[in-house]
Amino acid sequence: MVQGMKSRRSIIVFWALFLVPTLIIALIALQLLSHEQERINQSAINALSQRAKAVAQTIHITIETIQDNLQQSLLDIDQNRLETTLLIWEETNPLVRNIFIHRNQKLEYPVKGMESTSEERRFMERYDALFSGRVKFDFNSAPAKDFSVGSENKLQQLKKIGTFYTETAKYELVPKERRAASRKQLLSLSRVEKKKADRPSQAMGLNKPEQKLINRSGWIPWFSENRLHLLGWAQRQEKGAVYGIELELMSLLSRLIVDLPQISEQGTALVIMDGNGNFVHQSGRMIADKGAKPVKIISISDLLPHWRIAVFIDDRGFGATKGFLYVSMLLLGIFIVAIISGGVLLTRLTLSNMKDARQKTSFVSSVSHELKTPLTSIRMYAELLLSKRVTNEDKIQTYLSTIVNESGRLTRLINNVLDFGKLEQGSKKYQLENIDVDRFLKQIIQTHSIRIKSQNIEIKTLIEKGDYTIKTDKDALEQVTLNLLDNALKYAGQGKFLLFVLKKEIDFVILKICDDGPGIPKKHQDRIFEKFYRIDNSLTSQQPGSGLGLSIAKQIMNDLKGDLVFEPATPNGSCFIIRIKNHGTD
Amino acid sequence: MTQSKQHHFSTVISAFAMAVIFSLITGTAWAKSEYNKVICRVETDRTVLPAGDSQTTILKITLDAPAAPIHIKRPAVNLSLVLDQSGSMNGTKIEKAKAAAIEALTRLGLQDIFSVVVYDTNVHTIVPAQNGGNIQHTINTIQQIRAGGSTALFGGVSQGAAEIRKNLESDFVHRIILLSDGLANVGPRMPDDLGRLGAALIKENISVTTIGVGTDYNEDLMAQLAQKSDGNVYFVESGIDLPRIFAAELGDVLNVVAKKVTITITLPDNVKPLNIIGREGRIRGNKVELYMNQLYGNQEKYALIEVTVPESKPGSRIKIARADVVYDNPFTHSREKSTGVSYASFSSDPKKVARSTNIDVVREYQLNLNAMAQEKAIKLSDKGKKKEAVQALKQSAARLKQIGTLYQDKEMLQEADAIETRADTIESQGMSKKSRKILRTKSYQMKNQQLSQ
């Protein structure tokens, strides 16, 4: 028991030594992996944000260019044909929503009342503060843009667009030529008036020297009813008319979004939001509703105040980069499983080795004990006889028979141990001969009847009529039978009878030995034929034994192509059935 | 009937038939030289007006589009189908829409150009603008459309317009057909916003026809978009009707006989324009300007204008209006003109005045007022004033009935009954999504004289 505790403790220590480092390694690896994953995720977000910035830049530059072009075009309008020109713009140019001419603090066009359309009426309401003079046209402008050096300015801008294209080319899924073409279409809408109109107006300026050319213009982002409107205005001469257009934002938007790159990755989305957080355009397949939380928000441009691009990404978006984590986790898992199964294997080996060692120790001590008991009796009786002090002839006879019996027992025991060695090595030799099992059984019963009867056990036989002559190894059979007989006397000594049954089957003779002892508990029945196995394996057990008898008997019977099986008897006791194979009589 | 009588009869008939055939031949010869002219008529609700004080009268400017000539190639069409493939389209709707789209494409010729754009959360051009040649490949592509996702309607129309724009310079009839069954939830979604998009598109001569399926789409948005771009509006309750609607719409598109139609109505100095009924136009001094993107063959389109006529003496006669129509003839590729003039005389005899009533003008005027009453009813019920909405409809029905009975006009009486029934339904069940859509669509179709419904 003490040894068992010790071994259990050593196993626990072993597992601790083994598991703790494994777990620590696993934990560290996991942490490193999740850090790495975090880094990869962050880089995915950054990449997407870069694209969002590129989109914002495209929008900004496009709107800026459009506004500059329109401003320039406004200034280039022939002042004598102001209203007609603007009206043609409104009628034909999809970028122009409304036009206005404001002169001497009064709105000259559109006119209030019946002659304006409902759209124009709403337009006038929208900009009432401006048209009524409460707010100045240039209230928001930094020094008005000077277009006298405009050509250079424009060149720079075009260059800017060019470089932008090369920068963002890698993100574009739309063919570049097409994009460039449709954007050119859009930009061409904003270049309405050609420069040629400049001359006559300048001439007009010269005619009236008191009217100084100032060429002021600007754009006003205007919020009305919580919506953004863009108004462009121009004024050529001091105290001259302020005129301009309202940009058709929906048309601009409609043309802009067609050009924006599509995002094909799963679980990602770029969403353009207006000032109220409404989704104006979405690129990417992720279902992002208003409740979803963007990972990043980028404001688009000061030309579209409060408009933003929101970057959305969900688990599926990271999914593409998660492969790394999954593969590493899998490898880590395999590593841990390999280590643990190795540990389990080692533990099992150790346990079975320990069990073997324990069994061998108990076997050696059992066998020594077994050898010692008959030897003590033999020696004692032999010494008594040698001293010649015993003169009673009957007593001498009893002593001598005890010596013979005990040496017989000793012989069987030694035979068993020797046979065990031979059987283990597979070197036991069998000598087949013809025997009559009926006679053989009767002989054994007769030889051992005194031993049996001395324990007050009655011998019963049940032998079916027939010829029991078969060819087998007589000594081996005797050893098996005696082993069973010894067991019966040892463990069923309190029983009332021993029953020997003999019957015939084709090619086999069945010898059954039954007792009415306590029987074998069910949980042990399966293991009684294992070597060294004893129901009570302690040295202090009531019955000494090596735990070899049944194991040897079964192996011998199997070697002889027969079998030995256990069968519980009713209501109590046990039966052992020996099936003896007939190897063909001569 | 005896044998001889029958014989005599048949000779008479054959002689008559000969005459008819002869006249037909000469008639077609005459018609052939005139086939491509849009006729412009200007009428007033009464040709004789009561003399006396200044008064209001109705002007109807009618454009009679001729039938498309049979022997001349029809104008080529640049068509973009913009299909909703959001999740709600799943099932019959998407299947029928696909079938209808394929059916429509097979009717296009080699000279036509078409593209197919689908939209859910995102927008995809599945068939970029191309000639009507490689139909089979296109059909396969359309067959693969699967429904799922949100509704990026604005993006869809924008992409459709981008496809149209690839061939904008050429002499095509440009048309986007938009199909949707749900609320736009990605991109601008206010009816006004889509209206502005329509207003921008018509400047490029692109019309958008909108087809609403089921009862969950936004009819105001669809009507605005079509109205501002001079397209048609349809409402179908289930996908089953889609092939019919597509066929009708394509019938219109393939039957365009005039493009970029501008109507300028010039009034004499003493006649003042008051109001344009049912259409959008501009009053500029004594001129009224209207624009239509196209006229379909055999279609009658008109505009109604309320004008005030000055005080006048009995027996006098004045010129009330002159209408000039300028349009592109797609068959001759030339800009053509047509003019109509209207005069009115004054009388103090009420009977004479009553007898001069032009029932045609009265009917269309009343039906347009009725359409406006429907829109008013929608507005009222949106504000939760169901009672007033029903009231407005019933009033309109009563007036139609009264005037219809007066002039024994079947059409007005029929419409009066229809509106009354609808008013009753709304009264008992409230303004259902379906009722609202019917009112919106019908009133639009009336105001716009939509041919196919």
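To keep things clear, this report deals only with the structure shown in the data block.

Reading the values: the criteria
- Residues numbered from 1 in each chain as written.
- Chains lettered and ligands numbered in written order.
- Predicted model: local features only at pLDDT ≥ 70, side-chain atom pairs only at ≥ 80, totals over all residues.
- Heavy atoms only, no water.
- Salt bridge = Lys/Arg side-chain N within 4 Å of Asp/Glu carboxyl O.
- Helix = DSSP H or I, 4+ residues; strand = E, 2+ residues; numbered from the N terminus.
- Buried < 20%, exposed > 50% of the residue type's maximum accessible area, 1.4 Å probe, protein only.
- Pairing = 2+ DSSP bridges.
- Polar contact = N/O pair within 3.5 Å; in protein donor to acceptor, adjacent residues only side chain to side chain.

1. Topic: the pattern of salt bridges
Residues and elements named next belong to chain B.
Piece 1. Taken as a whole and judged by the stated rule, the model has 57 salt bridges over all chains.
Piece 2. With a closest N to O distance of 2.6 Å, Arg 175 and Glu 249 form a salt bridge. Separated by 74 residues along the polypeptide, Arg 175 in strand 7 (residues 173-180) and Glu 249 in helix 7 (residues 242-253) bring together distant segments of the chain.
Piece 3. Judged by relative accessible area, Arg 175 falls into the buried class, the value being 0%.
Piece 4. Across the pair Glu 375 and Lys 447 runs a salt bridge whose closest N-O atoms are separated by 2.9 Å. On the criterion of sequence distance, the pair formed by Glu 375 in helix 9 (residues 359-382) and Lys 447 in helix 12 (residues 433-447) is long-range, its members being 72 residues apart.
Piece 5. Judged by relative accessible area, Lys 447 falls into the buried class, the value being 11%.
Piece 6. Three or more residues are tied together by salt bridges with common partners; here these are Arg 41, Glu 43, Lys 60, Asp 64, Glu 300, Asp 360, Arg 363, Glu 364, Asp 409 and Glu 411.

2. Side note on the pairing of strand 16 (residues 334-347) of chain B
Both faces of the sheet carry side chains from a regular strand, because those side chains alternate between them.
All names here are of chain B.
Piece 1. Pairing of strand 2 (residues 48-50) with strand 16, which is carried by three bridges, proceeds in the parallel orientation. Its bridge partner lying in strand 16, Leu 49 is registered against Phe 346.
Piece 2. Across twelve bridges, the pairing between strand 15 (residues 317-329) and strand 16 is antiparallel. The residue of strand 16 that forms the bridge with Ile 318 is Ala 344.

3. With respect to the environment of A:Asn104
All names here are of chain A.
Piece 1. With respect to the helices and strands, Asn 104 occurs in the loop between strand 1 (96-103) and strand 2 (106-109).
Piece 2. Assessed through its relative accessible area of 62%, Asn 104 is described here as exposed.
Piece 3. Once the C-alpha coordinates of Asn 104 and Gly 240 are considered, the two residues, 136 residues apart in sequence, prove to be 7.7 Å apart.

4. Examining helix 6 (residues 219-229) of chain B
Residue and element names in this part refer to chain B.
Piece 1. Within helix 6, nine of the eleven residues are buried, which leaves the element mostly enclosed by the surrounding structure.
Piece 2. Among the residues of helix 6, Glu 219, Asp 220, Leu 221, Met 222, Ala 223, Leu 225, Ala 226, Lys 228 and Ser 229 are the ones counted as buried.
Piece 3. The N-cap of helix 6, judged by a side-chain oxygen 3.0 Å from the amide nitrogen of Asp 220 a few residues on, is Asn 218.
Piece 4. Where helix 6 terminates, the next one or two residues include Asp 230, which has phi positive at roughly 60°.

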